[in-house]
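Letter by letter, the chains look like this.
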Amino acid sequence: MTGRLTDRQLECLQLSATMTDKDIGRHLGISHHTVSLHIREAMRRLQVSSRKAALRRIAFEPLYGSEAITAAAGSRSDRSAPGDPGDDMQGTIWTRTGAWLLPPPPRRSLRPGLILIFAAVAALITVGIVNVVSGAVGALASLAPPTADLTQD
């Protein structure tokens, strides 16, 4: 590790576990570009290439243990912004014990499977309708009187 993180870098990095840069910026009263700069500098100092790796690094680094996270939670800014979770701290990375959590892994979507099922059912219904209509036309054709030969000699 090349250097200690500043309090603001640590705070931005911790909040990035559950918030977007824009949400962090609103929460802290700074620009989302500034938030991005703080996080990039923190990643550079921690010598990692992703936010997730940076969060893991500070989770297991004695220098940034749960005491640092609890202290940061206690010194939380009193500024409120639109969409702030308020005092209950919902949507942030701290829990009642002062520990913090990584975001859950992404869930797999059922949408592609449902689209395929819907398309298959629609195709079967279409084939059924075409068969019924062609059968009806065939039945009507057999009931029609024979056509007279219009050519007379």
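The present account deals with the structure reproduced in this document. All of these numbers come straight from a predicted model, not from anything done at the bench.

1. As for the overall build of the protein
Right, so step 1: When helices and strands are counted, the protein shows six helices and zero strands.
Right, so step 2: Tracing the protein from N to C terminus, the helices and strands come up as α-α-α-α-α-α.
Right, so step 3: When burial is assessed residue by residue, the protein has 25% of its 153 residues classed as buried.
Right, so step 4: Of the contacts formed within the protein by residues at least 6 apart in sequence, a portion of 62% connects residues at least 24 apart.
Right, so step 5: Just so you have it, the protein exposes about 11,000 Å², and 61% of that area is on carbon and sulfur atoms.

2. Considerations on the pattern of salt bridges
Right, so step 1: Under the criterion given, the structure shown has five salt bridges.
Right, so step 2: Salt-bridge contacts for aspartate 23 lead to arginine 26; the nearest nitrogen and oxygen are separated by 2.7 Å. Taken together, the residues aspartate 23 and arginine 26, both in helix α2 (residues 21-28) and three residues apart, mark about one turn of the helix.
Right, so step 3: On the accessibility criterion, aspartate 23 (30% relative accessible area) is partly exposed.
Right, so step 4: Of the residues examined, arginine 26 reaches a relative accessible area of 44% and is grouped as partly exposed.
Right, so step 5: A salt bridge links arginine 44 to glutamate 41; the nearest nitrogen and oxygen atoms lie 2.5 Å apart. In this pair, arginine 44 and glutamate 41 are both assigned in helix α3 (residues 32-46), three residues apart and thus about one turn of the helix distant.
Right, so step 6: Each member of the salt-bridge network shares a partner with another, and the members are Glu41, Arg44 and Arg45.

3. Quick word on the packing of α2 against α3
Right, so step 1: At a minimum axis separation of 8 Å, α2 and α3 run at an interaxial angle of 105°. What the angle tells us is that α2 and α3 run roughly perpendicular. Within the contact between the two elements, α2 uses Asp21, Lys22, Ile24 and Gly25 and α3 uses His32, Val35, Ser36 and Ile39.
Right, so step 2: Looking at side-chain class alone, the contact of α2 with α3 contains three nonpolar, three polar and two charged residues.

Cut-off values and rules
Residues numbered from 1 in each chain as written. Predicted model: local features only at pLDDT ≥ 70, side-chain atom pairs only at ≥ 80, totals over all residues. Heavy atoms only, no water. Helix = DSSP H or I, 4+ residues; strand = E, 2+ residues; numbered from the N terminus. Buried < 20%, exposed > 50% of the residue type's maximum accessible area, 1.4 Å probe, protein only. Contact = heavy atoms within 4.5 Å. Areas by Shrake-Rupley, 256 points an atom, 1.4 Å probe, with all protein chains shown as cover. Salt bridge = Lys/Arg side-chain N within 4 Å of Asp/Glu carboxyl O. Axes fitted to C-alpha atoms, helices over the stretch in contact; angles between N-to-C directions. Parallel < 35°, antiparallel > 145°, perpendicular 65-115°, else oblique. Nonpolar A, V, L, I, M, F, W, Y, C, P; charged D, E, K, R; others polar.

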